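Residue-level listing of the chains:
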Amino acid sequence: MPVDRPTFSESWYRVADLRPRLRSTVQIHRQYFRGQMWHVVQDPTNNQFFRLNDSAYHFVALLDGQRCVSEVWYICNEELADSAPTQGEVIQLLGQLYAANLLQAELPPDAEGLFNRYRKRIKREVQGHLTNLLFVRIPLFDPDHFLDRWVGVFGNIFSWYGLAVWLVLVGTGLYFVAGRVGDMASRAGGILDPANLPYLYLSFIFVKICHEFGHSFACKKFGRSDGSGGEVHVMGIMLLVFMPMPYMDATSAWAFRKGRTRAAVAASGMYVELAIAAVAAMIWAKTASPIAYNVMFIASVSTLLFNANPLLRYDGYYILSDWLEIANLAPRSRQYIYYLVKRYVWGVGRAQNPAHTPGEKFWLPVYGISSTLFRVFIVTKILLFVAGKLFIVGVILALAAVVAWVFVPLGKFLHYLGTSGELARVRLRAVVSTAAMVAGIAIIIGLIPAADRGRIEGVVEPSRLAIVHMAADGFVTDFMSSEQKVSPDGPPLLKAQNPDLETQLEQLEARREQLRVQKRLAQTREVAGTQILSKQIAALEEQIQRVEDQLRSLELHSPLESEGIWIAPNIERFKGAFIRRGDRVGLVASLDDLFIRATAGQEVAARLIAEAKGKYGTVEIRVKGRPDMELRGNIEKILPAGQERLPSAALGYAMGGSMATEPGDEKGIKTAARFFEIHIEPIVSEGAENRENVRLFSGQRVIVRFETPPKPLMVQWYRSLLQMLQRRFHI
Amino acid sequence: MLAQRRAGENLAKGLDAVCDKAVGLAGRMVPRQRQFLERAKRIVALEERFTRMADANLREQAAQLRDVFRCGRETPAQLELAFALVREVAARQLGERPYLVQITGALALEAGCVAEMATGEGKTLAATMPATIAGWRGRGCHVITVNDYLAQRDAAWMGKIYRFCGLKVAHIEPGMSSADRRTAYWADITYCTNKEVTADFLRDRLALGKCRDLSSALLAKMAGGNIGQIDRLVQRGLHYAIVDEADSVLIDEAVTPLIISGDAPNPEQIETFTQAAKLAAELDSERDYRFDYRYREVELTAVGKQHLDELVEPLGGLWKGIRRREEMVIQALTAKELYQQDKHYVIDEGKVVIVDEFTGRLMPDRTWRDGLHQAIEAKETLEVNLPKDTYARVSFQRFFRLYRRLSGMTGTASEAWQEFWQIYHMPVVVIPTNRPCIREYRMDAVYATEKSKWAAIVEEIKQGHETTRPILVGTRSVRASEHLSQLLREEKLEHEVLNAVRHAEEAQIVAGAGGAGKITVATNMAGRGTDIKLGRGVAELGGLHVIASERHEAGRVDRQLFGRSARQGDPGSAQAIVSLEDELVQRYAKHLSGSLCRRYGGSNSNVSSRLSRRVFHLAQRRAQRMALRQRKGVLRSDDWLEEYLGFAGSEL
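Parameters at a glance
Residue numbers here run from 1 along each chain, matching the order of that chain's written sequence. Going through the entries in the order they are written, you letter the chains from A and number the ligands from 1. Side-chain atom pairs in this predicted model are given and counted only at pLDDT of 80 or more, local residue features only at pLDDT of at least 70, and totals for whole chains, interfaces and linings cover all residues. Put simply, DSSP marks the helices as runs of H or I at least four residues long and the strands as runs of E at least two long, and each gets a number from the N terminus on. Once C-beta atoms are placed from the backbone, each residue is buried if 20 or more other C-beta atoms lie within 10 Å of its own, exposed if 12 or fewer, and partly exposed for counts between those two. Any two residues are considered in contact once their C-beta atoms, placed from the backbone, lie within 7 Å. Confidence of the predictor at the level of single residues is given by pLDDT, which spans 0 to 100. To form a nonpolar core, buried Ala, Val, Leu, Ile, Met, Phe, Trp, Tyr and Cys residues must be joined through C-beta atoms within 7 Å. Criterion used throughout: strands pair if DSSP finds at least two bridges between them. Between N-to-C directions, angles cover 0 to 180 degrees, with each direction set by a line fitted to C-alpha atoms, over the stretch in contact for helices. Working definition: roughly parallel below 35 degrees, roughly antiparallel above 145 degrees, roughly perpendicular at 65 to 115 degrees, and oblique for all remaining angles. Crossings are assigned a handedness: left-handed for a near helix turned anticlockwise from the far helix by less than a right angle, right-handed for a clockwise turn. Polar here means any residue other than Ala, Val, Leu, Ile, Met, Phe, Trp, Tyr, Cys and Pro, which are nonpolar, and Asp, Glu, Lys and Arg, which are charged; Gly is therefore polar.

Caption draft 1: Focus on the overall build of chain B. The secondary structure content of chain B amounts to 27 helices and 21 strands. Taking all 652 residues of chain B together, 46% fall into the buried category. Taking as baseline every contact in chain B between residues at least 6 positions apart, the subset at least 24 positions apart corresponds to 73%.

Caption draft 2: Just the confidence of the model for chain A, in detail. Put simply, chain A has an average pLDDT of 80, and 89% of its residues get 70 or more. Ranking the elements of chain A by mean pLDDT puts helix α19 (residues 602–612) of chain A last with 70 and helix α7 (residues 160–178) of chain A first with 90.

Caption draft 3: Structural view of the nonpolar core. Of all hydrophobic cores here, the largest spans 94 residues; its most connected members are Phe83(B), Val86(B), Val114(B), Ala115(B), Ile242(B), Met409(B) and Phe420(B). The element that contributes the greatest number of residues to this core is helix α5 (residues 76–94) of chain B, accounting for nine residues. Once residues lying within four places of it in the same chain are set aside, the contact partners of Ala115(B) are Gly105(B), Ala108(B), Leu109(B), Met409(B), Val429(B) and Ile431(B). Core analysis: the second largest hydrophobic core is formed by 74 residues, Val265(A), Met270(A), Val272(A) and Leu645(B) among them.

Caption draft 4: Layout of unusual backbone geometry. Residue and element names in this part refer to chain B. Residue Thr468 is not a glycine yet carries a positive backbone phi of 60 degrees. Tracing the chain through its elements places Thr468 in the loop between α20 (450–466) and β17 (471–475). A residue is classified by how many C-beta atoms lie within 10 Å of it, and Thr468, with 15 of them, is partly exposed. The phi dihedral of Lys492 falls on the positive side, at around 60 degrees, and the residue is not glycine. Looking at the secondary structure, you find Lys492 in the loop between α21 (478–490) and β18 (496–498).

Caption draft 5: Broad picture of the sheet that holds strand β9 (residues 345–348) of chain B. Residues and elements named next belong to chain B. Across the sheet, three strands lie side by side as β9-β10-β11; this open sheet has antiparallel pairing. Strands at the two margins of the open sheet, each flanked by one partner only, are β9 and β11 (362–363). Sheet analysis places β9 next to strand β10 (residues 351–355), joined by four bridges and oriented antiparallel. Bridge pairing in β10 links Ile347 to Val352.

Caption draft 6: Quick look at the environment of Arg323(B). Along the chain, Arg323(B) turns up in helix α16 (residues 322–338). When near neighbours in sequence (up to four residues on either side) are disregarded, Arg323(B) contacts Arg5(A) and Asp82(A).

Caption draft 7: Layout of the packing of α5(B) against helix α7 (residues 123–137) of chain B. Residues and elements named next belong to chain B. Direction vectors running N to C along α5 and α7 enclose 130 degrees, while the axes themselves pass 10 Å from each other. Classified by the angle between their axes, α5 and α7 sit oblique to one another. Our pair here, α5 against α7, has a crossing hand that is right-handed. Touching Ala82, Phe83, Val86 and Ala90 of α5 are Leu125, Thr128, Met129, Thr132 and Ile133, all from α7. A class-by-class count of the residues in the contact of α5 with α7 yields seven nonpolar, two polar and no charged.

Caption draft 8: Seen up close, the packing of helix α26 (residues 590–600) of chain B against helix α27 (residues 610–644) of chain B. Residue and element names in this part refer to chain B. Here α26 crosses α27 at 155 degrees, and the two axes come no closer than 10 Å. By the criterion of interaxial angle, the relationship of α26 to α27 is roughly antiparallel. Between α26 and α27 lies a crossing of left-handed hand. On α27, the residues that touch Leu592, Ser593 and Leu596 of α26 are Ser612, Val615 and Leu618.

Set out below in C-alpha cells:
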C-alpha cells in the first residue's frame, strides 16, 4: 500500500469481535516528555513497562471488557479523527500488550502460547548472558519488605532536611580536603598497589552497597509520595568484568510521574556516595587512614567517572535521559542515526523518523555518536585489561566481543542490505553508497600512506665534561652552588682553607727570612758560606712556591676553556668539611656540546634501523614541560641491545619515564628488558645560541619524535597490534 | 483436524535459515533421479508376477497389502510390490500400463518430492500409485487438481483403479452440500481443487470457533457443550496431498488468501468511493501525483495534497480527515492508473472480474482488498459492491504447509527448487521423458518496439501457416490476445482465441489446436493440463510451433508454454518474440532496457543480440527473486500475527 498508515488491515477480523481489557493488576502512570503526554503501563508483578502515546492510550482505556475492539475503534475514529490508531496499529498494539501478558480476554487462556513466550524469554535472557559475559546479573533476594520497614528512617535522607545536612557534610568534606590536594594526588598513584587491592575491593563493596540502598530507599520514598508504590523486588550480584558487586532493581521508578523524581532516584546512589566520601575525607584528613582514603577515593572519583557518566548506561544516563525528557535515549538515538542514513544516504522515502520533537533531533545524534565512540573505547580498554591479567580468558572474551560486536552486526547489516523490503527500490543506491563508503575508508586506511611517527625518550647529556678534584687538602670555606654557569676566569667554584699549609708557609717564609739575614751576615764575614746559603734559600723558595701553589689551588676554577656548567649536587654537604686532595667535588660540563642519550625498546629501534638503511634521518626534539620548544637533531649512532642500565633514572617507569624497570630495583635504573641506546646530536641553528628558549640543558628529559617513511595506517595499526600482543603475551 | 491446529512450523530464521538452505542445496546433490529410476526398474521387473494372475487373486493380493499398509508395517519390498500391483490394475482397468518414467515419478511423489514431469507424460496416472498406497494407509489422501472439471474427470477416470484395489474415491465439486462433502472427504481418496479443500478447511475452523486444540475440544466435549460443533466438521484432517501443477498452486497462487466473508454493515461508504473516483479524475498526473508501475504505487505530491484539500472542501463527512481522504484518493488513483481493463480485470455482466495475471484466467470469486475493488468499480461507474467482512482467511501457502505429507507434480519445477525447499521442504526431482524430447528452440527474437514485435509475430504466423503447420501463440493478457486477434483478422487468417472461458471448452479447443493449419491464440496457461494432440500428418510438417509473444516473470511459465509443442517424442518448435517495451523488462530492468531502447531508437527491425536477450534473463531473475522474497515475507508476517494474536485464537 502506498499509504503511510493504511486505515484498514486484512487481519482485522481476528480481533474485531474480541472484548479484551487490561489485566486488573496493571497500573498506569501519566508522564510528560517534551510537552507530549505519554502513559506508562506497568505490570507490578514483574516490573515490565510499556509506553503508550496518547491516542493508543485512549484506545486501550476504552477497552473495558464490555465493548468489542471494533466498537472501540469506531469510537476512537470519531473522537480522534486522523490521530486515531489504524487497524494495523491496533493489531500491533494488542499483540504487544498480549505478549507482555498485560491483556486479558474472554477466551480461554492460551497456555501453550504462554509457555512458548516464557521459553522464548528465558532463551533470550540466556543468550543475553552469553553474549554479555562482562556484565552478568544474578538476582538473589527480594528486599522490598525490608525497605518498607526502614524507609521511614532512611527515607529522610532524601528530604529537604536531608539535603541540607548533605550540603553541610559535603561542604565540610571539601574544606578538609582543600588544603591537602597535593597529598591526595600523590597518594592516588599507590591506590592500585597490590597490597592495597583487597582493602580497595572491600571499600568498593561497602560503598556500592550504600549506593544501591540509596537508590532503593529513594525509590521507596519518592514512590510513596508519587503514589505509584516504588517497589524494589530484586537484589543481587552483578559480575562486572567478573568482579562481584551488589545491585538492586529500582526500575519501578520509571513509572514516576515527574521527570524530576525519576532523576532524583537515579541520582540518589551518587548522593549517598558523595556523603560517604565527605565523611571519609574528614577521617582521612585527621588520621591519614588508608582505608578512609580508599573509601573516599571510590565514593568520589569512581562515582563521578562511571556512575555520573551519561555515556555509559549507569545513573548518569538515566538522569540525562530524564533531564532531556527523552525516554529510551540510547536505543532511540541509535534508531535516529539509522534513520538519518536511510533517509539521506540511501534515500529511503518512507523511513520512520523516531524523533518526535525538534529538540530530539539535536540530542539523539549527539548522544548516539558520542556514546558509541565511548563504548568502543571502554570495551577495548576492558578487553585489554582482562587479557593482560588472564590471557586465555582475555582471548576468548575478545573473540566473543569481536563476534558479538563486529560479525553479528555486520552479518545482520549485510542481510538487511540484501533483503530488506524497505530498501527494495533504493537497494542499488544503498549498496553502492555503502560500498563506496567502505571502499573510501579502506583506501584511506589501507592504501594512502600516512606519516609514520614514533617517539622515544632521552636525556640531554654534555658530550664533554671535566671532573673537578680537590688539588690540596683543606677545609671548605666557600663554594658556588651547583648548576651555575662557570668560566675559567670567573669566580671560583670552591674555596678552602688549610691552616697547616698556611702555618707551613709562614714557617718557611720565616726560615727564608732567617736565611736571608744569615746570608747578609755571611757576605761580610765569609764569602764561601753565602753560596751555600743562597742555595738553601733557593730550595726554600721552591718549597714556599709549592706551598703557595697548594694554597692557590684551594680555590678551584673550571677546568674547561669554554663556558660550562658546574654540577655538584652534594656541594652543600662540603661546607666547612675537610676534603682531601684528590677527592671529587663535582664536575663541569661543557655548555655548547650537548647530546641526547635516548633509550628505545627493541621494536622501536628495529624500526629505526630497518627504515634508516644506513643513514638515520633528522628527528624532532621536544623538552618535557616545554611544549613551545622546537629543536631538531640527527641520530648519530644506535648502540646495539645489551644494556640494562638506564643512563638516567628519569627514563624509567619509577620516575615517570617510558622504560619498564625491574620492580625490585630501588634506584629504578635497571630495565626489565634490554634496550638500545640512541645518540642524537641536536642541530644548533645559526644565531640560536643566545636565545634562551632554544637551548638544551644537560640533564633535561626530552622526547624525540622521529618519522620513518610514510605507510598506510592499516600497516601501522597491524604492526602496533602485533607488538602489543607480543609485549603483553610474550608470544 | 483438531490435533492440527498448531501445525506448521514457523519459517526458519537467521542462522537456521542459512543452515536450512545449505541442507536444501546438499539435497540437490543426492542422485534422487537415479535412485528412483533403479527402483522403478525393479518394479517393472515384477510385472511377470501379476500379468497372469486372475482378477480375484489380484484383489486378494491387494487386500493383503492394504492390511500391511494400514498397520504401517510395510517394507521397501512390499512398497515395490504394491506399485507393481497398481500398475497391473491400471493396465487391466484403463488399458494403460504406466511407463518406467511414470513409476519413477510415482516413487518421487511417495517420497514427498516435487516430481517434474513433462506435460503429456501421464502425471494423472502416475499419481494413482502413491494415492492408492495412501488410501490403504487409511488416513485419507487429497489429490489436488487445478480445476473442478479435472477433479471430476480424474476421479471418474482413475476411480476404476482405486475401486479395484478396494478403495473408495470421491471428488468435491462446487455447490455440494456439506453432508455430501463429508462423505467425499471420508472416502479414501478425494479429488478436489485447492480452493475447495481450503474453503472447507476454513469453514471447519469457523465451526470449531474457539476450540483451540484437541485437548480443549475434548474438554468441551466432556463438559457437554460443544458436541454439535465438532460433528459439523466436514474434513477429517490433512494427512497427505498430491498437488497437481504444484508450481501453480504452491508458488504462483501461494499468497492468494482464501477468504470466507460476509456482508459488512456500513452502506454510507459507497458514496465515498464514487466521490473518490471523481476526485481522482480531477487530479493531474505528474503535477498532483506520481505513480510507480513496478511497485504498483501512487504518491501524492505536495501540490496534489493542497489541490485535494481545495477539492474536498464542499464534501465534508469522511473527507475531513486528512489521512483517510488521501488514502481514498490514492486508492482511486491506483485504480485509475495501475489497473487496466482487459489486462487486470474484465467487466462481465456489470461486474468487475479479476484476471489472474499469471494464468490470464478469470477469477470471478476473487476480489481485491482494502477497497481497491470498490475503487475500480467506481472508476468504471459500475454499481459499487460493499467490501465484505472477513470471517476467516488463509493463504494457500500456509494451508498446504499444514499437511503432514505433501508431494507435488508439475511440468516445471526445477526453476523453483529453492522455494519448494525453503517453504515446503520438498526436494525437486526431474523425471526424464519417456521418449527423448526433440523440441527445437529458436533464439528469442527481440524487437525495439511493441509495434514491430506484433508485426513480426503476424509475419511469423503467416509464414508458418503457409506450410499448414499448426501454430499456438501465447499472450500474457486478454488485451494482448484480442489485439493479436485483430491483427490476424486484418490479414484474413482464420484463428481461434482462447481467453478466459469455461474450463471444459477451453480444454477442448486446446486439445484441437494440433490440427493441420490451425492458428490458436491463447493466454499463457489456458487449458493447462490438457494435451495438444497433433493432427494427422502434422508431425511430418514439423509439429506444433509455439510462439510466446512476451516473456513471463517466471521462466517456468515460459517453459510451460513451450512445453505444449513436441510432446511425447513428437517434433515441434518454440520461439519467443519479444520487445524492449514489454512490461517485464520495463518493470524489472528499467535502466538497461531504457538505454537499449534509446540505442535502437525505435527501429522496426530485429535487434536481437546477446545483450538484448540478456536483459530479459536479468529481468526474469529479478522478478523471481522479488516474488520469492515477497512470498516469504507474507509467511513471516503471518507467523508474527499468529504469535502475537494468540489471545484472538489461532487462525489455523
